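Here are the chains, one letter per residue:
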Amino acid sequence: MSEAESLFSVLRRTADPAAVAAIEDVIAHGSDRDLFRINPIAFAQKRGTDVEKTIAAFLHASRLGLFELGWNVLCPGCGGVLGANSTLKTIHQDIYNCQLCSAGYEPTLDEMVDVTFTVAQRVRRVAGHDPNTLPPLEYWRQMFWGSGSDLPDDLDEKLQECTLDFLELAGHEKATMSLQLPEGMVVVFEPVTHSAHFLKVMGEPTKERQTLAIAYNKLSAPTGMLELRPGPLRISFENQTDMRTIPSVWLYGESLASIMARRRPFLTAKRLLSNQTFRDLYRTDALDIDQRLKILSLTFLFTDLKGSTELYERVGDLAAYDLVRSHFHVLHQIVAEEAGAVVKTIGDAVMATFVSPDRAIAAALRMRDGMARLNDERGHEDLLLKIGIHEGPCLAVNLNDRQDYFGQTVNIASRVQNLAVNRSIYATEPVVEDPASTALLNQHGLVPTSQSASLKGITERVKIYEIP
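Residues numbered from 1 in each chain as written. Predicted model: local features only at pLDDT ≥ 70, side-chain atom pairs only at ≥ 80, totals over all residues. Heavy atoms only, no water.

1. What about the overall build of the chain?
Stage number 1. Along the chain, the regular secondary structure elements total 15 helices and 21 strands.
Stage number 2. Expressed as lengths along the three principal axes of its C-alpha atoms, the size of the chain is roughly 95 × 60 × 40 Å.
Stage number 3. Within the chain, the proportion of its 468 residues that are buried is 52%.
Stage number 4. Here the analysis covers contacts within the chain between residues at least 6 apart in sequence; of these, 71% occur between residues at least 24 apart.
Stage number 5. Roughly 21,300 Å² of accessible area belongs to the chain as shown, and the carbon and sulfur atoms make up 48% of that amount.
Stage number 6. Of the charged side chains in the chain, 47 are positive and 60 negative, and the gap between their average positions amounts to 1 Å. (Helix = DSSP H or I, 4+ residues; strand = E, 2+ residues; numbered from the N terminus. Buried < 20%, exposed > 50% of the residue type's maximum accessible area, 1.4 Å probe, protein only. Contact = heavy atoms within 4.5 Å. Areas by Shrake-Rupley, 256 points an atom, 1.4 Å probe, with all protein chains shown as cover. Lys, Arg positive; Asp, Glu negative; His and termini not counted. Charge placed at Lys NZ, Arg CZ, Asp CG, Glu CD.)

Given below as structure tokens:
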């Protein structure tokens, strides 16, 4: 049995069979492109497998060494990769600049960090493992654009429509390019160094040859703008790096914009950090102790048992412990099935995160039903669960040897839970008024009632909804 076969034997015992079968098939029969920077959501949709189970299967496969995780910082404008990372720990820049979009972005985990999976070289070597060997157009497809870009199948033809010329420069090589400039906006873009020079071509056409000199190095030069006239242009290129570069001259118009505007769902870092399988497998490996990464929107759910002290006194430590453990098992299972993750337990309390408010509400409703079933089995109302939910911005941090979250959103969610009474679900206005949450509540025939509450440590009163 080969090493890969042995690893797949382990994977079949830990992950969804349909997802594992799809992964085995793509390794055996997929193209090199199919195995480089895989978007697991797009993969699941194409293969007809469950998305969450497919993500879990790729995570298990990566932990076994079948795949390598990639954490790529994306430009929100063009969808290009501004920084490729093998771990989230290396995302330390305060600002990532996109020369093509002439903009700088503070990295957030919501939509700017794209998590992908590339087959390990020991399993199967693909062209993307050595980007310098990729043909220029394939480099654009596999290396420049992230997996959230919905690139057309005829990308080569689409790019050729807006390309005036391009060339390849080996490390420390020089070359010249001669072309005719049409009227309009033109950009000389190099994807390896992410360097851009914009040419505003306007005025009377000229027959005199215009010249431009461009050097590529490891320094990130600011985007330049040069006014030229329609007519002949000679560009002198010098590659001062050790890498191959691919200077490309593009018409910066609707054809290029239409390519860059296409998007599809992808696995964000926010979603992965709120994935139970990832937390179970990678634990503290995600963040450095001194990292503080922003998340613009995350939903927090806190639970606690009402009267747990009285429960221990009434039924005894051993019986109470078994009952509380059963309650934890139910909550963990529900959180995972609703695409969330348990961040930590504190005594009898649980702190969990969800990518969207509706998933938190769905989990809360199922938790309440789950506790009712446990109580029915015992014939006594022993487990009375208080639940609080809030959504907002936060920081992802490494705290007390675990990947955790910090900020006022977390504080408010905890305080909201403290307001709840037995069997209550309390949620803030952003949670209840989320369109998907509203649809879910309507589906269950639930009409929340609102109140204004004062929360400890929070200056302004907060609008709170009780979900019956």
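2. Describing the sheet that holds strand β1 (residues 67-74)
Stage number 1. Taken in spatial order, the 3 strands make up an open sheet running β2-β1-β5, and their pairing is antiparallel. Of all strands in the sheet, those bounded by a partner on one side alone are β2 (81-85) and β5 (113-119). Across this sheet, the average inter-strand angle for adjacent strands is 30 degrees, counted without regard to direction.
Stage number 2. Of the strand pairs in this sheet, β1 and β5 are connected by 7 bridges, and their pairing is antiparallel. Counterpart to Leu69 in the pairing with β5 is Phe117.
Stage number 3. Against the sheet, helix α4 (residues 51-64) contacts β1 and β5, and its axis sits at roughly 115 degrees relative to β1. (Pairing = 2+ DSSP bridges. Axes fitted to C-alpha atoms, helices over the stretch in contact; angles between N-to-C directions.)

3. Some remarks on the pairing of strand β12 (residues 231-239)
Stage number 1. Pairing between strand β7 (residues 174-181) and β12: 8 bridges, direction antiparallel. Among the inter-strand pairings, Thr176 is bridged to a residue of β12, identified as Ser236.

4. Comments concerning helix α12 (residues 357-378)
Stage number 1. For α12, which comprises 22 residues, the first-to-last C-alpha distance of 32 Å matches the rise-based estimate of 32 Å (1.5 Å per residue) to within 8%.
Stage number 2. Two residues or fewer after α12 comes Gly379, characterised by a positive phi angle close to 70 degrees. (Expected span 1.5 Å × (residues − 1).)

Geometry only, nothing functional implied.
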